[in-house]
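Inside the fold
Take a look at the letters that make up each chain.
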Amino acid sequence: MANSEYNSTIVGDITIKGIRKTISFPANAHITQFTVEIESSVFSLNRKDFRIFYQNSLKDYFIKDEMDIQFKVSTQKLDNERPL
């Protein structure tokens, strides 16, 4: 368990600009027979780990390296019996 605010720790791979990294972050995950909902905490990735640089190198000194990310994903099970 991540902490008292989040009920799960999500672990997976993320690929940005062809670079794959394993990440983990706290999230609330709710799973039922028909749905999955995941809402992440705010977490950070270092842009330089994914070779994200600016054309003018001077900007790299003024823009922070950490990118803050947060998301919410929900899915629903489709009724396989329903005609298309």
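Preceding block: the structure.
Rules used throughout
- Residues numbered from 1 in each chain as written.
- Predicted model: local features only at pLDDT ≥ 70, side-chain atom pairs only at ≥ 80, totals over all residues.
- Heavy atoms only, no water.
- Helix = DSSP H or I, 4+ residues; strand = E, 2+ residues; numbered from the N terminus.
- Buried < 20%, exposed > 50% of the residue type's maximum accessible area, 1.4 Å probe, protein only.
- Contact = heavy atoms within 4.5 Å.
- Areas by Shrake-Rupley, 256 points an atom, 1.4 Å probe, with all protein chains shown as cover.
- Phe/Tyr/Trp six-rings, centres within 6.5 Å; stacked < 30°, edge-to-face > 60°.

In this section: the overall build of the chain. Regarding its fold elements, the chain presents one helix and six strands. Sequence-ordered secondary structure for the chain, helices as α and strands as β, is β-β-β-β-α-β-β. When each of the 84 residues of the chain is scored for burial, the buried share is 15%. Contacts in the chain between residues at least 24 apart in sequence constitute 40% of all its contacts with a sequence separation of at least 6. With an accessible surface of roughly 6900 Å², the chain has 51% of that area assigned to carbon and sulfur atoms.

What follows deals with the environment of arginine 51. In this structure, arginine 51 sits in the loop between strand 4 (43-46) and helix 1 (59-62). Remark: the alpha-carbon pair of arginine 51 and isoleucine 19, spanning 32 residues in sequence, is separated by 8.3 Å. With residues up to four places along the chain from it excluded, the contact list for arginine 51 reads Lys17 and Ile19.

Attention now goes to the environment of aspartate 79. Here aspartate 79 shows up in the segment after strand 6 (72-76). Aspartate 79 sits in the partly exposed class, given a relative accessible area of 45%. For the pair aspartate 79 and phenylalanine 34, spaced 45 residues apart in sequence, the C-alpha separation works out to 9.6 Å.

Throughout the structure, instances matching the rule amount to three aromatic pairs. Ring centres of phenylalanine 25 and phenylalanine 43 lie 4.3 Å apart, and the angle between their planes is 5°; this geometry places the pair in the stacked category. Note that phenylalanine 25 is positioned in strand 2 (residues 19-31) and phenylalanine 43 in strand 4, a separation of 18 residues in sequence. Overall, the relative accessible area of 9% leaves phenylalanine 43 in the buried class. Taken together, a centroid distance of 6.3 Å and an interplanar angle of 85° make the contact between phenylalanine 43 and phenylalanine 71 edge-to-face. Of this pair, phenylalanine 43 sits in strand 4 while phenylalanine 71 sits in the loop between strand 5 (66-69) and strand 6, and the two are 28 residues apart along the sequence. Through a chain of ring-to-ring contacts, the aromatic side chains of Phe25, Phe43 and Phe71 assemble into a single cluster.

What is shown is where atoms sit, not what they do.
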